[in-house]
Structures are given as C-alpha cells and as structure tokens.
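Survey of secondary and tertiary structure
What follows is the residue order along each chain.
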Amino acid sequence: MFPRDPLPRVLYIDLSSKKYWVEERKELFEEFIGGTGVAINLLREEVPRGADPLSPENAIVLAVGPFNALYPMASKTVAMFKSPLTGNLGESHAGGRSAIAIRLAGYGAIVVKGASDIPVWVSVHGSKVYFRDARALWGVRSTHTVGRVLREVEGGHGFRTIMRIGRAGEKLVRYACVVVDTFRHFGRLGLGAVFGSKKLKALVVVGKGSVPVADKAGYRRVYDDLYKRIMGTPATKKYHELGTAENVLPLNELGALPTMNLKASRFERAEEISGERLAERYLGRRVSCAHCPVACIHLAVLREPYEHEPYFYKTTFVSYDYEPIYACGAMLGIGSAEGLLKVLDAIETYGLDAMSTGVALAWMTEAYEKGLVTEKETIMKPTWGDYASYLKAIEYVVEQPNEFYAALAKGIEHAAKVYGGADFALAYGGNEMPGYHTGPATHLGFALGARHSHLDSAGYSYDQKMVGKKVSVEEVVTYLLEEERWRQVLTSLVLCLFARGVYTPQVVVEAFKPLGWELSENDLREIGKRIHLLKLKYKLDEGFSFDQLRFPKRIFETPSPHGALDPAFMEQALKLYRSRVEEDLKSLEAAQRE
Amino acid sequence: MVKRVSVVDVDLCVGCMMCVFACTRRFGEGGVSKSAIRVASIGGIERGFTVIVCRACPDPPCAASCPTHALKPRKGGGIVFDPAKCVGCGNCVKACPYGALMWDEQSGKPIVCTYCGYCVNYCPYGVIKLEEVKEVVAHVP
Ligand code: SF4
Ligand code: SF4
Ligand code: SF4
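Residues numbered from 1 in each chain as written. Chains lettered and ligands numbered in written order. Predicted model: local features only at pLDDT ≥ 70, side-chain atom pairs only at ≥ 80, totals over all residues. Heavy atoms only, no water.

Attention now goes to the interface of chain B and chain A. With 36 residues of chain B at the interface, the matching set in chain A holds 41 residues. Counting across the chain B and chain A interface gives zero salt bridges. Summed over the shared surface of chain B and chain A, the number is 20 residue pairs in polar contact (both at pLDDT 80 or more). For the side of chain B that touches chain A, the secondary-structure elements that each account for two or more residues are α1 (18–25), β2 (29–31) and β3 (37–41) of chain B. The element that contributes the greatest number of residues to the side of chain B that touches chain A is α1 of chain B, accounting for five residues. (Contact = heavy atoms within 4.5 Å. Salt bridge = Lys/Arg side-chain N within 4 Å of Asp/Glu carboxyl O. Polar contact = N/O pair within 3.5 Å; in protein donor to acceptor, adjacent residues only side chain to side chain. Helix = DSSP H or I, 4+ residues; strand = E, 2+ residues; numbered from the N terminus.)

So, on to the domain arrangement of chain A. All names here are of chain A. Once the domains are mapped, chain A shows domain 1 (9–206), domain 2 (234–419) and domain 3 (438–500 + 520–593). On a C-alpha basis, the centroid separation for the pair domain 2 and domain 3 is 27 Å. Here domain 2 and domain 3 share an interface that buries about 1,000 Å² over both sides, 62% of which is from carbon and sulfur atoms. For domain 2, the biggest contributors to the area lost against domain 3 are Y239, L254 and L262; these three give 42% of the whole. Run the count over domain 2 and domain 3 and you get one salt bridge. Put simply, R554 and E366 hold a salt bridge, and the shortest N to O gap is 2.7 Å. Taken together, the elements giving at least two residues each to the side of domain 2 that touches domain 3 come down to α9 (248–254) and α13 (354–369). Tallied by class, residues from the side of domain 2 that touches domain 3 come to eight nonpolar, four polar and five charged. (Domains from an automatic or database assignment. Buried area = accessible area lost by both parts, 1.4 Å probe. Nonpolar A, V, L, I, M, F, W, Y, C, P; charged D, E, K, R; others polar.)

The next thing to look at is the pattern of salt bridges. Where charged atoms from two side chains of opposite charge approach closely, those side chains can pair. Under the counting rule described, the total for this entry stands at 42 salt bridges over all chains. Where E131 of chain B meets K134 of chain B, a salt bridge forms, and the shortest distance between an N and an O atom there is 3.7 Å. Three or more residues are tied together by salt bridges with common partners; here these are R49, K537, D541 and E589 of chain A.

Taking 1.5 Å of rise per residue, 17 residues should cover 24 Å, and helix α7 (residues 216–232) of chain A covers 24 Å from first to last C-alpha, within 8% of that figure. Among the residues of α7 of chain A, G218, Y219, V222, Y223, L226, Y227 and I230 of chain A are the ones counted as buried. The buried residues of α7 of chain A occupy an angular sector of 170° when projected down its axis, which confines them to one face. In α7 of chain A, the exposed positions angled more than 90 degrees off the buried face are occupied by R221, K228 and G232 of chain A. In this fold, the buried residues of α7 of chain A make contact with α8 (234–241) and α22 (505–512) of chain A together with α1 and β2 of chain B. (Expected span 1.5 Å × (residues − 1). Buried < 20%, exposed > 50% of the residue type's maximum accessible area, 1.4 Å probe, protein only. Arc of directions from axis to C-beta.)

See below:
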C-alpha cells in the first residue's frame with residue numbers, strides 16, 4: 001500500500017460517551033484489503049459473542065476500500081453489524097455518495113459503537129466529528145423530510161453523504177433500512193433498526209480530499225483503460241437504459257418470477273410493471289452514484305391530483321429496480337404501475353427494506369387466505385393486487401398496533417413460528433427471499449450464502465445459463481463457492497457488483513499496481529477465500545447451523561425453469577457444500593494456530 | 001481564439017462526478033481536492049444537478065478583485081493564475097457570481113480552471129464540452 005494513502009485510518013465513534021478517535025490499522029488493511037474483508041474483522045473485534053443486536057453492544061461498521069475514489073464504479077460502502085432480523089451476520093452494501101465521502105474524508109472505515117441517551121445525528125467533516133441533538137427530528141414520518149432538513153443545515157454540498165432512518169428504524173422494525181443520500185439504501189438485514197436502537201437518526205459524512213498513488217502515469221493509464229472497458233460493455237448500456245427492471249419480462253417469460261408468494265412463477269400482468277412500461281410512461285430521471293458513469297438509478301415520476309384543489313398536482317419521484325418490483329409488484333399481485341409506485345414510495349418514506357416488506361405482506365396474504373390469521377390480526381383485508389389495502393398494512397408494520405404486526409415486524413420466520421405457515425414463509429436464515437425462482441442454484445445460494453442474498457453468489461445467473469442442461473451437484477457447489485469467494489474480493493475494493501464483468505481478476509491485479517500494491521491473482525483468491533471463511537466462522541459462532549437450514553416447502557411446489565426442484569438434489573448439494581467449507585475451516589484454524 | 005468548458009445541457013447530467021474526478025486526476029490523484037469543476041444536486045438528486053465551472057468571463061470580476069494581480073484576465077476571456085503572487089485572501093472566490101472558484105485547503109489558494117478540457121473527455125452524457133469563447137462585448141460605461 002502507498003504509505004501516504006489514508007485508507008488504514010479507522011474512525012471510532014462512541015455514542016455512549018460522545019467521544020471519537022482514530023486508529024491506524026495498516027496491517028489489517030494490508031491483509032484484508034478493505035470493505036468486506038476489513039469489516040468482518042472489525043465486527044468480530046467490536047461485538048461480543050451472543051450480543052443482542054439491538055443493545056449498545058452491537059456496533060455498526062462502515063468500510064470502504066482501496067479502489068474507492070480512485071477507479072470508476074468503485075462506488076460502494078460495506079456495512080456490517082449483527083442483524084436484528086436474523087440474529088446473525090448483517091451485511092449490506094450501498095452506493096450514492098457514501099463511499100466517496102468516507103474515503104475522501106480520510107478514512108477506510110468508520111465504527112459506530114454504544115448507544116446515545118437522546119436521539120442524535122452525527123456529522124463527520126473531514127477530521128472533525130460533531131454530535132448533534134436530533135430530538136426534534138425523532139418521530140418525523142418521512143425519510144425525505146429528514147434528508148431535506150439535513151441538506152439545509154449541513155455544509156459540504158456536493159461532497160457529502162446523508163444516511164438516515166425513518167419511522168421504521170425508530171420503531172425497530174427488524175427489516176428497517178438506512179436511506180443513503182436519496183434512493184440508495186443499506187437495505188437488507190435491518191441496519192435501520194440498529195441505528196434506531198442506538199438513537200442514531202442520521203450519519204452525515206463530508207469528504208473533499210484526495211488519495212495519492214505511487215505511480216501517477218500508471219494510474220491514469222489504468223483508469224483510461226477501465227473507463228473504455230466500462231463504456232464499451234453491453235452491461236453498461238443495459239443498466240443505463242432500462243436498468244435492472246429490464247429483468248422483469250425475461251424472468252417472467254422464463255417462469256422464474258415469484259408471483260403471489262410463489263404460488264406461481266409467472267405473473268399475468270408482468271407487462272404492466274415491466275422496465276419497458278415504467279420507462280415509457282413514468283421514467284423522469286436517471287442518476288448515478290458518485291464516480292460511476294453508468295447511471296442505473298431510475299426515478300419514476302408519479303403525478304397525482306389533489307382531491308380538494310383543482311389543477312394542483314403532487315409530483316413524487318420514486319426509485320425502482322428489479323427487486324422492489326418483484327417483492328412489491330409480482331409477489332403482491334400488483335399489476336398496476338401506479339399502485340406499485342405508491343407502495344414503493346410508502347416503503348421509502350418509512351425507511352423499510354422493500355424486499356422483506358413485500359415478501360412479508362405476501363406471506364400475510366396467504367396466511368389470511370388459509371385462515372391462519374383473520375381480519376382481527378391483519379386489521380385490513382389482505383387481497384392480492386389491492387395496493388390501497390397494502391398501503392395500510394405497511395403503516396401497521398411500522399406502527400405495530402397489535403401483536404400480529406409486532407410479530408410481522410420481526411420478519412416472517414418469526415411470524416410463522418407464532419402463527420404457522422412456515423411451508424410458505426419464503427425466508428432463508430431468517431432473511432426474506434430475493435426475486436428469483438430460476439432453479440436449484442439460486443435457492444442453494446440463498447440458503448448457503450453468508451448473508452442469504454442473491455448477491456452472495458448469483459445462483460440465478462448460473463441457473464439461467466444452465467436451462468435445458470443437466471446440472472450436477474458437484475458443479476453447482478463449485479460454482480457457488482468460487483463465485484462467493486471472488487465476490488469477497490470485489491466487495492473489499494469496494495466495487496459495485498455491476499462492474500464484475502469489467503473487473504476481471506487480471507484487471508484487478510493491474511489496477512493494484514499503480515497504488516504501490518503488488519498482489520497476484522492467486523493472492524487475491526486466497527484473500528477472498530479467507531474472508532468468506534471468516535464470515536462463516538462468525539455465523540457458526542453466533543449460532544448458525546447447517547442442520548437447521550431449511551428450504552421452504554413452497555419452492556418445491558411451484559415449477560422453475562429447471563422443472564420441479566428435487567429435494568434430494570438440494571440436500572446432496574447442501575451436504576457437499578458443508579463438507580467442503582468445514583474442511584476449509586479446519587485448515588484455516590490449523591494455519592491460525594501455527 | 002481561446003477555449004472554455006461550456007455546459008451544453010445540464011438536464012442530461014446524471015450527477016456521476018466523472019468530470020470532477022477527472023480534474024483532480026490531472027495531478028495524478030484520485031479525489032476532488034484539486035478540482036475546478038463541481039457538481040451538486042439542486043436540493044435532492046430527483047430535481048437534477050448543477051454543474052459549476054469557470055465560464056471564462058470576458059471581463060472577469062474575480063481578477064478585478066485580486067489585490068496582487070495573481071489572477072489576471074486572459075486575452076479573449078477567462079483568467080490566468082500565478083500562484084507565486086497569490087496571498088490567499090480569498091477575494092476572488094467571493095467575487096465570482098457562479099461560485100466557480102474552489103478553494104484548495106492544502107495550498108490555501110484558489111483552484112483555477114486552466115480550460116484544458118480534460119474533464120470533458122470523461123463526461124459520458126455530453127453535458128459539458130470544450131468550446132471557443134465567443135466574442136462578447138463587455139459593457140464598459
Ligand atoms: S472564476 Fe467566475 S468570475 Fe472569474 S472568469 Fe470564471 S466564471 Fe468569471
Ligand atoms: S477544463 Fe481542465 S481545469 Fe477546467 S475543470 Fe476541466 S479538467 Fe479542470
Ligand atoms: S461527467 Fe457529465 S454527467 Fe457526470 S456529473 Fe459531470 S457533467 Fe454531469
């Protein structure tokens with residue numbers, strides 16, 4: 001690493017004592033690069049085993065990596081924490097201006113610990129940290145409003161990130177998100193509730209600095225090469241034009257779009273909520289994360305007349321992506337773009353995770369159909385496609401007016417324990433399922449991935465390549481392991497995963513050189529493997545067990561593009577995966593003892 | 001004829017800051033601390049962006065405000081900067097009605113656009129372009 005690179009500086013913020021300090025962690029960054037690799041180590045250092053995720057013992061680790069601020073599409077920040085949704089490893093990534101601001105404020109990671117006695121927001125301006133009284137902001141209904149207020153009172157316009165929670169985080173909904181800047185999120189696994197439990201309403205970081213490199217000419221050369229590659233790849237065009245919403249129709253066509261709680265894998269009204277339809281009728285603006293030329297963020301414009309005032313319109317911008325369309329469109333049977341956008345706007349306003357919320361409401365609807373819960377519990381009448389009643393339900397999830405909603409706010413795995421309906425509770429390791437019913441690999445990935453995310457190992461992409469071909473247990477397990485391990489490298493740099501096609505191992509090796517950092521492809525792969533194992537070890541230490549892993553019965557009932565999934569195949573794959581990682585863990589431990 | 005960076009159509013801007021990073025990269029660094037161009041949202045990214053860069057005034061008020069002539073009018077429009085003469089008073093920053101002069105915290109001096117056009121090469125959406133400064137007759141009473 002170049003000696004003058006500020007990356008190894010870790011900023012610690014203690015909310016209990018309202019103190020902050022910086023530690024130099026050069027060895028840690030040299031060994032684990034940054035991002036995911038550094039964050040898992042800091043999490044293990046900070047959070048005692050068995051800690052309650054909503055207690056002051058939990059910590060929030062935000063980590064960036066060496067490529068942030070240096071290379072295009074290195075635009076993400078990794079958040080690690082103990083998840084209040086799963087009670088285990090919490091990891092979520094967000095873009096916006098977060099990574100650039102943290103890196104250019106002169107830090108490689110920020111650790112927020114303890115809990116405040118009163119609501120606060122914390123702002124980091126370069127080397128100074130301010131604790132500000134947020135009592136007046138607590139209880140404000142909309143995350144948009146909080147953003148507006150902070151934009152006015154904080155400096156650093158254009159060079160800052162504003163992370164904040166909404167009512168959902170304050171009310172400790174276990175899948176509350178943190179809204180980053182506008183329309184980006186630490187969405188999954190409940191970081192918003194961790195903020196809420198610490199009485200941390202917002203975190204603002206302003207960074208205006210720069211990062212020196214060892215070889216300036218080499219740096220510019222590598223940069224130009226990357227820029228050319230990015231602008232030349234078809235993926236860039238795809239993400240810029242229709243965005244991830246482009247996937248709605250092909251997945252529907254394939255019979256892989258989970259619909260109405262995966263009672264079906266095709267949605268007859270998919271056309272209405274497709275990327276094409278949204279782009280033609282509603283798209284208002286496309287924007288980008290800082291230092292990324294792709295601009296995949298799609299904002300729809302919702303124009304609604306005011307009831308009592310003729311010719312007055314409320315114009316709302318709503319961001320959409322494939323996953324929210326799946327969870328709040330197809331899964332709820334909502335086949336109207338306008339209805340979908342209203343639901344997404346409510347979710348953004350309250351600061352919820354769109355995926356978990358949609359899947360939770362879908363489970364509730366089926367539980368209601370099956371008579372496991374009645375209107376006494378649900379208050380509204382859950383009906384597929386009726387977005388207006390789902391808007392009510394979203395409010396109830398946040399405010400939790402009765403025991404049922406208090407249970408639902410803890411996630412569907414929990415709710416199904418209380419009310420039944422585990423067979424159709426689409427969650428893995430406690431995390432509500434992402435939007436792919438493409439075949440065996442995707443579900444194995446959800447089950448086995450360290451954060452139970454489609455982004456752990458992208459099994460959906462493997463499945464799609466293999467449609468019509470025979471998939472072997474051996475091959476699928478090898479793919480999942482290799483992919484997840486390489487991704488640990490990408491998210492330690494920290495790159496947007498949409499850049500994975502451009503940043504091949506060889507390209508990453510070349511890009512490290514001007515930074516005065518020599519790493520071979522083999523070194524990188526070894527680091528990726530170790531990070532993966534450390535995450536797994538964390539999970540096992542916190543009570544995760546392969547024996548308790550379950551595949552929701554529903555996934556075997558609804559055919560996928562690979563036909564009906566075979567439980568025996570899934571069990572075999574699980575066993576093989578388990579034996580491989582257990583062996584790896586043993587050799588890791590042996591190596592550590594030496 | 002001399003050149004300047006002009007903002008062709010700010011509504012095409014996606015706020016990627018590729019231009020901002022390019023400007024600091026002229027010095028072989030990654031970041032924004034040496035950038036003479038700035039992009040910020042106009043109150044939330046959904047409302048769009050503003051791109052701020054020196055527009056090469058024919059009769060530049062920033063230069064007029066400089067007590068040491070470190071900042072001087074360039075022939076044909078715009079300014080040239082001689083850091084050796086700059087005392088870091090910051091008058092120029094206040095004098096520019098666009099806020100187009102940034103401040104270099106390290107050197108304690110303004111960051112002045114050199115009209116090199118490097119940033120333009122990295123704007124993916126054709127928002128900015130390098131063009132010749134058109135003759136504008138300055139109003140001299
Ligand atoms: S810095 Fe401002 S005042 Fe000076 S020439 Fe540029 S735009 Fe005009
Ligand atoms: S023209 Fe050159 S100096 Fe001016 S903003 Fe662009 S890159 Fe910077
Ligand atoms: S590079 Fe172009 S699109 Fe990106 S911020 Fe600059 S002007 Fe806007």
